[in-house]
Amino acid sequence: MADTVLTAWQRSPMADAAHRLAAVTRSSRGAIRLAELPFLAQVNVRLDAKSPAADTVGLALGLQLPLEPNTVVHAADVTAVWLGPDEWLVVGRPGTERDLEERIRAAAGDDHVSVTDVSAQRTTLLVGGPRARDLLSHGCPLDLHPRAFGPGRCAQTTLARAQVVLVARDETRAGFWVLVRSSFAGYLADWLLDAAAEYVGAARGAT
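If you're wondering where the values come from, they're calculated on a predicted model, not measured in any experiment.

(A) Representation of the pairing of strand β10 (residues 176-181) within the structure. The buried count for β10 comes to five of six residues, which makes it a mostly enclosed element. Bridge count between strand β7 (residues 122-128) and β10: six bridges; the pairing is antiparallel. Within β10, the position partnered with Val 127 by the bridge is Phe 176. Where strand β9 (residues 162-168) meets β10, five bridges bridge the pair, whose relative direction is antiparallel. Bridge pairing links Val 167 to Trp 177 in β10.

(B) Examining the sheet that holds strand β3 (residues 72-75) more closely. The antiparallel open sheet is built from five strands, whose spatial order is β3-β4-β5-β2-β6. Looking at which strands have only one partner, the edges of the open sheet turn out to be β3 and β6 (114-117). The sheet shows a mean angle of 20 degrees between the axes of neighbouring strands, direction not considered. Bridge count between β3 and strand β4 (residues 78-84): four bridges; the pairing is antiparallel. By the bridge assignment, Val 72 is partnered in β4 with Val 81. Packed onto the sheet, helix α3 (residues 97-108) meets β2 (41-46), β4, β5 (87-92) and β6 and runs at close to 20 degrees relative to β2.

(C) Layout of the layout of surface pockets. Each pocket or cavity is described by its volume, and for the largest pocket that value is around 300 Å³. The wall of the largest pocket is formed by 15 residues, among which Gly 129, Arg 133, Arg 173, Ala 174 and Gly 175 lie closest to the centre. Ranked by residue count, the leading element in the lining of the largest pocket is helix α4 (residues 132-137), at three residues. Taken together, the residues of the lining of the largest pocket sort by class into six nonpolar, three polar and six charged. Counted as a void, the second largest pocket has a volume near 230 Å³. In terms of lining residues, the second largest pocket is bounded by Gln 10, Arg 11, Pro 13, Phe 39, Gly 95, Glu 97, Asp 117, Ser 119, Ala 120, Arg 122, Thr 123 and Ser 182. Residue composition of the lining of the second largest pocket, by class: three nonpolar, five polar and four charged.

Procedures and definitions
Once a new chain begins, its residue numbering starts again from 1 and follows that chain's sequence as written. Predicted model: local features are reported for residues with pLDDT of at least 70 only, side-chain atom pairs are reported and counted for 80 or more only, and whole-chain, interface and lining totals are derived from all residues. Computation of side-chain values covers all heavy atoms of the structure but excludes hydrogens and water. The buried label goes to any residue with under 20% of its type's maximum accessible area, the exposed label to any with over 50%, and the partly exposed label to all in between, with areas taken from a 1.4 Å probe on protein chains only. Helix and strand definitions here come from DSSP, where helices need a minimum of 4 consecutive H or I residues and strands a minimum of 2 consecutive E residues; each element is numbered from the N-terminal end. Two strands form a pair only when DSSP identifies at least two bridges running between them. All axes are obtained by fitting lines to C-alpha atoms, using only the stretch in contact for helices, and the reported angles, taken between N-to-C directions, cover 0 to 180 degrees. Here, two residues are considered to be in contact whenever any of their heavy atoms come within 4.5 Å of each other. Grid points spaced at 1 Å over the protein atoms alone were grouped into cavities, where a 1.4 Å probe fits but cannot get out, and pockets, open sets with protein on both sides within 12 Å along at least five of seven lines, with lining residues defined by an atom within 4 Å of a point. Grid points are joined across faces, edges and corners, and a volume is the space filled by probe spheres set on the points. Lys, Arg, Asp and Glu make up the charged group, whereas Ala, Val, Leu, Ile, Met, Phe, Trp, Tyr, Cys and Pro make up the nonpolar group; the residues left over, Gly among them, are polar.

As structure tokens, this is what we get:
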């Protein structure tokens, strides 16, 4: 009997909100941009930052693992997010989690390293536009002024009381990544849509 390959149909945690997120982007005339970035590869890495493995793993990924607290390093299609003195989240294109794991393990060699695929734990929401910081400030306790939380910064924090990893993207006007647990994704999408209503109203009033 021929082998049968079953391919699971993936449904992103914010799939039901996709059209509403896009509607905010249109209605606010770009003042707020909301979109899910589903299925990004996410690999948690733990190793001694002072060990040779830190350098070899960085070389294998094409970047240097960030050593400064709450910073992000980005190169090509890979982003390394600092989570702690010996912990990073490596983010890549959808479907590359196995490749990232293999590259990290091979680069570490005999050095002690913990590599865990956590791609299914979180989804990623892009929050951009000129009013992105204002929108996030409604529910985030951090000072998000560019002087305090500029491009290349990250933090484990809360947004509308949901635990998130917040990343200020390093490209000009690229906005923020909000990495949230899949189980809280729907709640957070609803909160953002509600909080964004004032910017949609302002755009309509300007017509």
